Amino acid sequence: MVVPAAHAADHADPAPRWLSATTFAPDHAFAPPPAPGSLEEKLDLDRLRALIAASSPERITQADWDGEHKEPAIFDKALGKDIATLPHTLALANLVQDEVERVVAAAKHHFRRARPFMVDPALPHCGKGEQALKAYPSGHSAFAWSVAWTLAQLAPDRAAALMAKAQDYTLSREICGVHFATDVEAAHGMATAAAQALLSDPRLAPMVAAARAEWPAH
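None of these values were measured; they are calculated from a predicted model. (Residues numbered from 1 in each chain as written. Predicted model: local features only at pLDDT ≥ 70, side-chain atom pairs only at ≥ 80, totals over all residues. Heavy atoms only, no water.)

Draft legend 1. Fine view of the overall build of the chain. Each helix and strand in the chain was counted, giving 10 helices and zero strands. Going from the N terminus to the C terminus, the chain shows its helices and strands as α-α-α-α-α-α-α-α-α-α. Computed over the C-alpha atoms, the radius of gyration of the chain is 17 Å, within 12% of the 17 Å expected from 2.2 N^0.38 for a compact globule of 218 residues. Expressed along its principal axes, the backbone C-alpha trace of the chain runs to roughly 50 × 40 × 25 Å. Here the chain, with 218 residues, has 48% of them falling under the buried criterion. Of the contacts made within the chain by residues no fewer than 6 positions apart, 79% connect residues no fewer than 24 positions apart. (Helix = DSSP H or I, 4+ residues; strand = E, 2+ residues; numbered from the N terminus. Rg over C-alpha atoms; globule rule 2.2 N^0.38 Å. Buried < 20%, exposed > 50% of the residue type's maximum accessible area, 1.4 Å probe, protein only. Contact = heavy atoms within 4.5 Å.)

Right, here's the structure in full:
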């Protein structure tokens, strides 16, 4: 598959290449996160404390593993196929992931929300959280929901499994103590809208068609 020329350009540029920079601007695509010290932030922290306390050592280990794996292959089991054997599908998933990450990067810089373990240093976490004001929105969650949505449009019979995987994967960000529930939810809404916008973009129609051709039963 020949990736569109704009996608093959310098990836250091944080601006979206396909998505509308206006529609997906931080102050357009996201509500502001809960303010520091607000009731909403307290509710976020209370949820995290309860969730982490209720998580088994095995689930915490899984959450840590999930944090280290941010690639479309995490959906192989839900997809029922090795995505590496579907080059057009993988190329499309990678493009969607790249575009969404650009939106997320701009939003993180705009909102500058502290991570949970920075707000409450006593909060258990996976030990690898970056000490930076980059909690909102969750990048891992945006990746998971956007790629899951994309794959579900190609393989609708696998949609439930794909969405369940995305939901479980994003919960790992909370179990790891590196994101609040509101970080995860903000990513969910934007990522789904972004994925659908990309799938509907006529400039990407050949790429989408090539991916769909790898799923002839659908």
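Draft legend 2. Structural context of the state of the cysteines. Throughout the structure, instances matching the rule amount to one disulfide. C126 shares a disulfide with C176; S-S distance 1.9 Å. Taking the sign of the S-S torsion, -85° for the link of C126 and C176, the bridge is left-handed. Taken together, the residues C126 in the loop between α6 (116–119) and α7 (139–154) and C176 in the loop between α8 (159–175) and α9 (181–199) connect sequence positions 50 residues apart. Of the residues examined, C126 reaches a relative accessible area of 19% and is grouped as buried. Note on C176: relative accessible area 2%, which makes it buried. (Disulfide = S-S within 2.5 Å.)

Keep in mind these numbers describe shape, not what the thing actually does.
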